[in-house]
Amino acid sequence: DTAVSQTPKYLVTQMGNDKSIKCEQNLGHDTMYWYKQDSKKFLKIMFSYNNKELIINETVPNRFSPKSPDKAHLNLHINSLELGDSAVYFCASSQDLFGTGSLYTFGSGTRLTVV
Amino acid sequence: GNSVTQMEGPVTLSEEAFLTINCTYTATGYPSLFWYVQYPGEGLQLLLKATKADDKGSNKGFEATYRKETTSFHLEKGSVQVSDSAVYFCALKSDMRFGAGTRLTVKP
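Notes on the structure follow.

Each value, and the rule that gives it
- Residues numbered from 1 in each chain as written.
- Chains lettered and ligands numbered in written order.
- Predicted model: local features only at pLDDT ≥ 70, side-chain atom pairs only at ≥ 80, totals over all residues.
- Heavy atoms only, no water.
- 1 Å grid on protein atoms, 1.4 Å probe; cavity = no way out; pocket = protein on both sides within 12 Å on 5 of 7 lines; lining within 4 Å.
- Points joined across faces, edges and corners; volume = space filled by probe spheres on them.
- Nonpolar A, V, L, I, M, F, W, Y, C, P; charged D, E, K, R; others polar.
- Helix = DSSP H or I, 4+ residues; strand = E, 2+ residues; numbered from the N terminus.
- Contact = heavy atoms within 4.5 Å.
- Core = buried A, V, L, I, M, F, W, Y, C linked by side-chain atoms within 4.5 Å.
- Buried < 20%, exposed > 50% of the residue type's maximum accessible area, 1.4 Å probe, protein only.
- Salt bridge = Lys/Arg side-chain N within 4 Å of Asp/Glu carboxyl O.
- Buried area = accessible area lost by both parts, 1.4 Å probe.
- Pairing = 2+ DSSP bridges.
- Disulfide = S-S within 2.5 Å.

This part covers the layout of surface pockets. Reported here for the largest pocket is a volume of approximately 200 Å³. The wall of the largest pocket is formed by S39(A), K40(A), K41(A), F42(A), E8(B), G9(B), P10(B), V87(B), A100(B), G101(B), T102(B) and R103(B). The class makeup of the residues in the lining of the largest pocket is 4 nonpolar, 4 polar and 4 charged.

Below you can see the structure in the form of structure tokens.
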């Protein structure tokens, strides 16, 4: 079974559209994260939720909104997509905040292309 | 604030060459340090970690020693293989910020 699963794996959409990326983990972890990886492979944390509570909210546009219906899910919704949003988005989870337990488990990524 | 600085890539080596990827950090206290590896088309995987000063993390022939005197956690491998080609990330536990990543390509 996949520990951290993201859907979709690939997403191609036009500028101005609204899209969502879903993430689910079956590890029983309390904390989940969204990272953005740009074309130069730089990995930047965007959000972190601990037990459905927003813990980290980095400087990202308001068009990005995370939603955590329960601690096993952390979805990322993006409004009014722009060309610069094209990147690979990674979901991750850890047993607790910043991985004091079993450290991080990453999903395989969602490649978003805005045209 | 906390930060991680990694040596810029890309790094290209021949098989069986010695590898060093530099990582230095700035942090309050002595947070745990990690190296993650990202193989093509995949997510990040933990490669090794060190939780306190002078600890040495090791895995798959890779090693890194937590050196507080130089605030460094350099990744080394004595003999790289083609299958080691990937992007390597250094990270701080305190807020899980990653370095910029170093792409390693190993040629046969």
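It is worth spelling out the environment of M15(A) at this point. Residue and element names in this part refer to chain A. Topologically, M15 is positioned in the loop between β2 (10-13) and β3 (19-25). Through-space distance from the C-alpha of M15 to that of S80 is 6.8 Å; in sequence the pair is 65 residues apart. Leaving out residues up to four positions away in the same chain, M15 has contacts with L81, L83, V114 and V115.

Grouped together as the largest cluster of nonpolar side chains are 26 residues, with contacts concentrated most on L19(B), W35(B), L47(B), L48(B), F73(B), L75(B) and Y88(B). Counting only elements with at least two residues in this core, the list comes to β2 (11-14), β3 (19-21), β4 (23-26), β5 (33-38), β6 (44-50), β8 (62-65), β10 (86-92) and β11 (102-107) of chain B. With 4 residues, β10(B) is the largest single contributor of residues to this core. Listed in part, the 20 residues of the second largest apolar core include L11(A), C23(A), V60(A) and L112(A).

Attention now goes to the pattern of salt bridges. In the structure shown here, the tally under the stated rule is 6 salt bridges over all chains. One salt bridge in this structure joins D85(A) and R63(A), with 2.8 Å as the shortest N-O distance. With D85(A) in the loop between β8 (73-78) and β9 (87-94) and R63(A) in the loop between β6 (53-57) and β7 (64-70), this residue pair connects regions lying 22 residues apart in the sequence. Accessibility assignment for this pair places D85(A) and R63(A) in one class, buried. With its nearest N and O atoms 3.5 Å apart, the salt bridge here joins K56(B) to E63(B). Note on E63(B): relative accessible area 34%, which makes it partly exposed. Salt bridges sharing partners connect three or more residues here, namely R63(A), E82(A) and D85(A).

So, on to the interface of chain A and chain B. On the side of chain B, 20 residues touch chain A, which itself brings 17 residues to the contact. Counting each side, the surface lost to burial between chain A and chain B is near 1,500 Å², with a carbon and sulfur contribution of 61%. The interface formed by chain A and chain B holds 0 salt bridges in total. Every element with two or more residues in the side of chain A that touches chain B is listed here: β4 (31-37), β5 (43-50) and β10 (104-106) of chain A. In terms of residue class, the side of chain A that touches chain B is made up of 9 nonpolar, 4 polar and 4 charged.

Right, let's talk about the pairing of β6(A) for a bit. Residues and elements named next belong to chain A. Of the pairings in the sheet, the one linking β5 to β6 comprises 4 bridges and is antiparallel in character. Paired with N50 across the bridge in β6 is E53. The antiparallel hairpin formed by β5 and β6 contains 2 residues in its connecting segment, where N51 sits at a positive phi of about 50°.

Attention shifts here to the state of the cysteines. According to the stated counting rule, one finds 2 disulfides over all chains in the structure shown. Each disulfide pairs two cysteine sulfurs, and for C23(A) the partner residue is C91(A), the sulfurs being separated by 1.9 Å. Taking the sign of the S-S torsion, -80° for the link of C23(A) and C91(A), the bridge is left-handed. A residue pair is termed long-range when its members are at least 10 positions apart, and C23(A) in strand β3 and C91(A) in strand β9 qualify at 68 residues. Taking relative accessible area as the criterion, C23(A) reaches 1% and is therefore assigned buried. Its relative accessible area of 0% is what places C91(A) among the buried residues. In this model, C23(B) is linked to C90(B) through a disulfide, with the two sulfur atoms separated by 1.9 Å. Measuring the twist about the S-S bond at about -70°, one finds the C23(B)-C90(B) disulfide to be left-handed. Highlighted residues: C23(B) in strand β4 and C90(B) in strand β10, separated in sequence by 67 residues. You'll find C23(B) and C90(B) in the same group, each marked buried.

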